[in-house]
Every structure is written in C-alpha cells, then in structure tokens.
Number of protein chains: 2
Amino acid sequence: MTGGEKEITIYDIANKLNISAATVSRALKDHPRVSKKTKKLVIKIANEMGYRSNSFASNLRKKSSHIIGLIVPRLNSNFMADVIAGLEKVLNNNNYNLIISQSLETMQKEISNANAMLVNRVDGLLISLAYDTTNIDHLEPFIKRNIPVIFFDRVFEHDRCPQIYIDNYKAAYEITTHLIKQGCKRIVHITASQLRKIYAERYAGYKKALEDHNIQFDADLVIINDLSSEAGIASAHQILKMSPRPDGVFSANDNCAISCMQTLKKEGIKLPADMAFAGFNNDPAAIVVEPNLTTVNYKGYEMGEVAAKLMIDHLINKDEFHPAHSLILRSEMIVRESSLRKV
Amino acid sequence: MTGGEKEITIYDIANKLNISAATVSRALKDHPRVSKKTKKLVIKIANEMGYRSNSFASNLRKKSSHIIGLIVPRLNSNFMADVIAGLEKVLNNNNYNLIISQSLETMQKEISNANAMLVNRVDGLLISLAYDTTNIDHLEPFIKRNIPVIFFDRVFEHDRCPQIYIDNYKAAYEITTHLIKQGCKRIVHITASQLRKIYAERYAGYKKALEDHNIQFDADLVIINDLSSEAGIASAHQILKMSPRPDGVFSANDNCAISCMQTLKKEGIKLPADMAFAGFNNDPAAIVVEPNLTTVNYKGYEMGEVAAKLMIDHLINKDEFHPAHSLILRSEMIVRESSLRKV
DNA sequence: CTGTTAGCGCATTCAT
DNA sequence: ATGAATGCGCTAACAG
C-alpha cells in the first residue's frame, strides 16, 4: 500500500483559494474575524478536497489533546457500560474524546495503562481502581503536572483528587435494616478487602444498622473473600456450618449472593423462608435467580455524567480541585422476593 | 493552575548532557547505533528530570499514531470485555494502543465515533457493527486512505476488509440437531433482523438441520424481533398461542431465551419436559436460570487475539488485505439441563 | 557512534 | 479581515 493519495493540508486549501494558510486555519475553527464568505468557501473546498484536520499538529501546537483517559477494572458490567455512555455524552458535547482501558483488576496493568495515558497526553484522567491497588504512585505524574485526576466508584483518598461514589454506607444501612424488619436476627455479611473504601463502608452500614436495632454484632457472621462466584459457593458452605444457623445474608455484591443462594438451595435451604437474601449492584442475573434477589441499584449513567461535568468544569475554569468537589450519589434499594419473608 | 513545571524535552536532556538531541532521541528509542553507555546515561537523566515523550510531535513526524480504534455496539458483555482483553494483550505487546467507543447500537453514533477515530488518526480500525447499520459509507474514508478496517462478530461484506466471526451456521446447525436428537419435532427459532449476517447464518443453520433430519420447515415457527428481554416475554406469549404447541425453542441469544423461559414457566409450561430450550452466547445468567440453559460459547479472548494479530501483520507488512484473510472461528456447544429431556 | 539540518501541519502573534 | 513568520518537539536523512 502507498498510503493512498497524499493527505491534504490547510496549505493545499490555501493554495487552491489563493489565500493564506492562517485564514484557512481560522475559517475552519470558525474564528470570528473571518468573513462569512471566506468561511463558507473554505469549508466547501475542504470537504471537496477530502481534508481532515491533523490532530497531532494541532495538539502539538495547542499543547492539549482534548482527550480524557478512563481506566476501569473491567468493562463487562452494565454499570460500567452505563458510566461510559454517560461520560461520552457529556464529553462529546464539549468536544472531548475518551480513551478507555481496563486494568483487569490488577495494579500492574493499571500502572501500565496509566503510563500509556500519560504518554498519550490525556487532558484528564478518570479512574476506578483495581481490586489490588494499594497506592497511587502511578498517578502522581498526573497530579504533579496538574492533569486532573478524578476517582469514581472505587475511589482513593487524596486531597487533590475529587471522588465520586455512591453512598455505600447508607445503602448498606438501609438494606440491612430491611432484612431486620423482615425478621432476621442473625445476618451474615459477605464482603471483600476492607482496603477498598466501598466495601468498608458497606460493612460499616451493616454494623450500624444492627446496632441501631439492638442486634449484637457478631464477627463470626462476617465472611471476607473476593466476592466471586466461587467465593459464593464457599460462603454457602461456611454458612451451613454456622450454629445457630443464620436467617439472613447481605452480600456486598449480587454475583456472590447468587452463587451462594444456588448452593444453599441445593442443600435444601428454603429461600427466603429459612434465610433471606440481599445483594448489591442490581446485576441482570438478580432477576433471573429464584427467588429474585433484593439488591441496590445505582445509575451508572448519572455517575458518568457528573464525573464528566466535574472534569469539564475543571478543565475550562482551570482551577484547583477542592476535596469538597467530591460527590456522593444516591442509590435505591430494590426489594424482591429473596428478602420477603412471611413474618 | 499553571500547568506545573515546564515539560522537559529531549533538548533539555541534550543540553544537560552536552550531546545532541538526535542522540537523545535515538537513545530513548533504543536505536542500535548508540553506545550502551550513552543510552544508559540518557535514560537515567530522562527519568531524573521527569521526561515524558511527546507523542504529538512524534506522531506528527512519523505520520502514524500507533493507535488502533475499536467501535463496538455495547461494552456490557463478557464477550466484549474478553475481546478487548485479547486485543489489548496483542496490541500492547506490539506497542500499539487501543481507543474504544460504543455505538450503543445506533448507526448515527457509530458514524460519529468513526469520524472521531478518523480525526484522531488511528492506524487501523476494528469494528463490530451496530444493530441498525445498513451501509458502511462512514468507513469509506478509512478504506480510501488505506487505513485497515477489520470487521469482527457483526461483520459486513467488503472486498477490502477482512471479517472475523464465529461459524454461526455450524453452531446453529449443531444446537438444532441436538434439540432434534432430544426428541423435539416442532422447534421454534427466535432471531433478529436478517440483515445481520450472524442472525441470517444462525437461521440458515437451523433450517439445514431440520432439513437434514426430515423435519418440515415451518415459517410460522420463526419469530423475528430484537432479542431483548421484553421480546423474550412477547415470544413466550406467541409460542403459547401456537398450535400444536412447539416442543423446542432455539433462541439466537441467551438473553431473550431466558426471559422467554421464565414467562413460559409462569404459565405452567414444564422445562425441558414440555419444551426444550437452547440459546446462544453463554451469558452468565445461563447458569442462573432454572433449568440452566444450553447454549453456544465462543471465546472472545481468542477473537480479540486473532483480530489484533491480523491487524498487526497488516500494519507491519503493509500489504493489501485479501478477502481470504477473513477468519471463521470455532465455537462450542454447552449442553445444560434446559435441553435434556428424558426421551 | 554522533551531530546538523530540516520539516511534519497547525495555531498564533504581530503586522497591515 | 487577512497575511507572514515562527515554533510546538520530535525523527530521519545526510554527513561526518
């Protein structure tokens, strides 16, 4: 291949029109000090000649890419797809583009992704941390250069980076309270590493709900794993060994809750009569499992929108972030049969 | 904000070391004709000074971005997440990066995504088409410029663009044959727009299997919709009205199969005794629904790998694509209880 | 093995 | 309202 016909530049347009490249550049950018007539003409000819702006040259000159980087643990969830749709809407409306990569839940990949974003000179970075990320040294090069970094969902405490996440504490408090109101006295909580703020907060909400309803907190009822399907099966076996047998389970995600439920069912436990269940995330499978799983829904689209808006505002106003820019979004409990006991 | 300390360039490194910028550039690129000593020194100083290469300048000079564009209908599936992981592995190993966007199943968004990719000067484009894409005029600017375009999964016939997809015909043939072997005589097929090659081929495979087993094809048993959950419910009602009642269902995706199953169960149909079910995609919910759904699994990771390899080979060898570069991948049937009848 | 030079395409200052 | 000139930072001849 030859690269096809040569790429045409503003100089080619300028020559054909006998005007200067500067005027072409301005016309294409809809600069106010160019006559309507020349603008129209330039645009017409540009289209005819098949011109496409060279973003490298433009970015080099302007020292900005108008590209926002996004790093997420995994893409395979409705939540993330929604977040991205929300982000793209706001960013595209403001002439920004998005580049996306997934860390696959490992800090190592997250680091290499961040470096790629750095070299590709994103104007801002949005990141939801990998499961095993323990520090954010890899983000320091951004912060040092005043490239805005915004955490969302899986956030990290940093006084120059806003965080956007849902009110995990409140959601967990509400759903635990709901289980208590359904008559549960011994409620298991399945959660993950407490280094992740979201899991720590769900745990805290669970504890507080017990306390407020005069139920003694029992550390033996707390299972910590990675919330995978396999972990759900293991949790079920652990629960079966508990004595007296628990009468409720609040899992920090649906995925784990579902495989746990299925395992318990196979072992003859009646759900929700013997044991009520609640999860978190509103996974599509939550309405497939029987009984349908009570869970917490949070709109990713909205989270994407607010994250993008925060980023755009910052880029346009060029001011420093305040920790106060952090946002906590509301979530909603969705009650389904898995937690409805005939009390 | 001020942009922080000034970005340092190869000239800054060159000055500090009293060598030329060209040598610095070569050293950083690990060019063979630079002494080990200078290389080491340059790299050390570069790190100390916090240098980051300027990809705009480099790309402008080299007229290539080393970025591959990816456009997919939606990101919220395991399949897509796997495809992307496979792509990233191969591309990153070859020093290429990926930029991703989702068309949200609309041709309009797909067009604007493609334009963004064009302006951002991707070196190649990988695309799985939106549901309602009827032509690929928006990809012509790439093809005209000899920017390689590779279709995967939801492909389009074009003599300069290879296609990578699974053998839908064969998979559908096999799964239909399986249903027949389980004793099904009247098998419904739920599918989507026949403009999409993948659905047309699944349909064809279904038909051929019937024919090869001497079962009269009956157009009344074919339901065409958008394969959504809602469509699954509607399909169930349609099936209930069919007389004589069908004894098997092959849905072109799991999602639709599952909601259809649940609706039928509510109406008192025994699965699989009254009606055997098979889907397509190996959705996570396929092992949650009861009975677990027989389906077709195809490894996205592998598809991502081969697509990326094809792209890389093409970019390195700079030769034209041949239609012969198209690839058809194997898939595997996963038999679960939904199709196992005690015959 | 290293240096000199030039130019990629654009946006912008300073003229007019 | 338009033009001329300059440089963003890098890489690739070419020359030693």
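- An unreviewed UniProt entry lists chain A under the name LacI family transcriptional regulator, with Mucilaginibacter pocheonensis given as the organism.

**Observations regarding the protein's contact with DNA strand D**
For step 1, the next point in the chain: Near DNA strand D lie 27 residues; those nearest to it are T23 and R26 of chain A together with S25, Y51 and R61 of chain B.
For step 2, the next point in the chain: Taking all atoms of DNA strand D within 4 Å of the protein, the share assigned to sugar and phosphate is 62%.
For step 3, the next point in the chain: One of the backbone N or O atoms of I10 of chain B is found 2.7 Å from a phosphate oxygen in DNA strand D.
For step 4, the next point in the chain: Within the contact set of DNA strand D, a base nitrogen lies 3.3 Å away from a backbone nitrogen or oxygen of A57 of chain B.
For step 5, the next point in the chain: Elements that contribute at least two residues to the surface near DNA strand D include exactly α2 (21-28) and α4 (55-62) of chain A together with α1 (10-17), α2 (21-28) and α4 (55-62) of chain B.
For step 6, the next point in the chain: Counting residues per element, the surface near DNA strand D draws most heavily on α4 of chain B, at four residues.

**Quick look at the relation of the copies chain A and chain B**
Put simply, the two copies of the chain differ by a rotation about an axis and a shift along that axis.
For step 1, the next point in the chain: You can overlay chain A on chain B at an RMSD of 0.2 Å; the transform is a turn of 180° with a shift of 0.1 Å along its axis. Taken together, the turn and the small shift mark the pair as related by a two-fold rotation axis.
For step 2, the next point in the chain: Both copies contact each other with a shared surface, as 100% of the interface residues of chain A are interface residues in chain B too.

**Some points on the UniProt feature "domain: HTH lacI-type" (unreviewed entry) in chain A**
For step 1, the next point in the chain: Look at the UniProt record and you will see "domain: HTH lacI-type" (unreviewed entry) annotated at residues 8-62 of chain A.
For step 2, the next point in the chain: In residues 8-62 of chain A, the share of helix is 69% and the share of strand is 0%. The end C-alpha atoms are 21 Å apart.

**Comments concerning the state of the cysteines**
For step 1, the next point in the chain: Inspection of the entire model under this criterion finds zero disulfides over all chains.
For step 2, the next point in the chain: Sulfur of C260 of chain A: no disulfide; nearest cysteine sulfur belongs to C256 of chain A and is 6.2 Å away.

**So, the sheet that holds strand β4 (residues 149-152) of chain A**
All names here are of chain A.
For step 1, the next point in the chain: In space, the six strands of this open sheet follow the order β2-β1-β3-β4-β5-β11, with parallel pairing throughout. Each of the sheet's edge strands pairs with one partner strand only, and the pair in question is β2 (97-102) and β11 (327-329). When strand polarity is set aside, the average angle formed by the axes of neighbouring strands in this sheet is 15°.
For step 2, the next point in the chain: In the sheet, β4 pairs with strand β5 (residues 163-166) via two bridges, with the strands oriented parallel.

**With respect to the packing of helix α8 (residues 168-181) of chain B against helix α9 (residues 197-212) of chain B**
Residue and element names in this part refer to chain B.
For step 1, the next point in the chain: Where α8 contacts α9, the two axes come as close as 7 Å, and the packing angle between them is 40°. Taken together, the axes of α8 and α9 are oblique relative to one another. In terms of crossing hand, the pair formed by α8 and α9 is right-handed. Across the interface between the two elements, N168, Y169, A172, Y173, T176, T177 and I180 of α8 pack against I198, E201, R202, A204, G205, Y206, K208, A209, L210 and D212 of α9.
For step 2, the next point in the chain: When its residues are assigned to classes, the contact of α8 with α9 shows nine nonpolar, four polar and four charged.

**Examining the domain arrangement of chain A**
For step 1, the next point in the chain: On domain assignment, one finds that chain A holds domain 1 (10-60), domain 2 (67-166 + 300-331) and domain 3 (168-298 + 333-339).
For step 2, the next point in the chain: Between the C-alpha centres of domain 1 of chain A and domain 3 of chain A the distance comes to 61 Å.

**Section: the protein's contact with DNA strand C**
For step 1, the next point in the chain: Lining the immediate surroundings of DNA strand C are 27 residues, of which Y51 and R61 of chain A together with T23, R26 and R61 of chain B lie closest.
For step 2, the next point in the chain: With respect to DNA strand C, the side chain of S58 of chain A contributes an N or O atom lying 3.4 Å from a phosphate oxygen.
For step 3, the next point in the chain: Of all the elements in the fold, those that place two or more residues in the surface near DNA strand C are α1 (10-17), α2 and α4 of chain A together with α2 and α4 of chain B.
For step 4, the next point in the chain: For the surface near DNA strand C, the leading source of residues is α4 of chain A, giving four residues.
For step 5, the next point in the chain: Considered class by class, the residues forming the surface near DNA strand C number nine nonpolar, ten polar and eight charged.

Rules and cut-offs
- Residues numbered from 1 in each chain as written.
- Chains lettered and ligands numbered in written order.
- Predicted model: local features only at pLDDT ≥ 70, side-chain atom pairs only at ≥ 80, totals over all residues.
- Heavy atoms only, no water.
- Near = heavy atom within 4 Å.
- Polar contact = N/O pair within 3.5 Å; in protein donor to acceptor, adjacent residues only side chain to side chain.
- Helix = DSSP H or I, 4+ residues; strand = E, 2+ residues; numbered from the N terminus.
- Least-squares fit on C-alpha atoms with pLDDT ≥ 70 in both.
- Contact = heavy atoms within 4.5 Å.
- UniProt positions renumbered as here; feature names shortened; annotations may be inferred.
- Disulfide = S-S within 2.5 Å.
- Pairing = 2+ DSSP bridges.
- Axes fitted to C-alpha atoms, helices over the stretch in contact; angles between N-to-C directions.
- Parallel < 35°, antiparallel > 145°, perpendicular 65-115°, else oblique.
- Left-handed = near helix turned anticlockwise from the far one by under 90°.
- Nonpolar A, V, L, I, M, F, W, Y, C, P; charged D, E, K, R; others polar.
- Domains from an automatic or database assignment.

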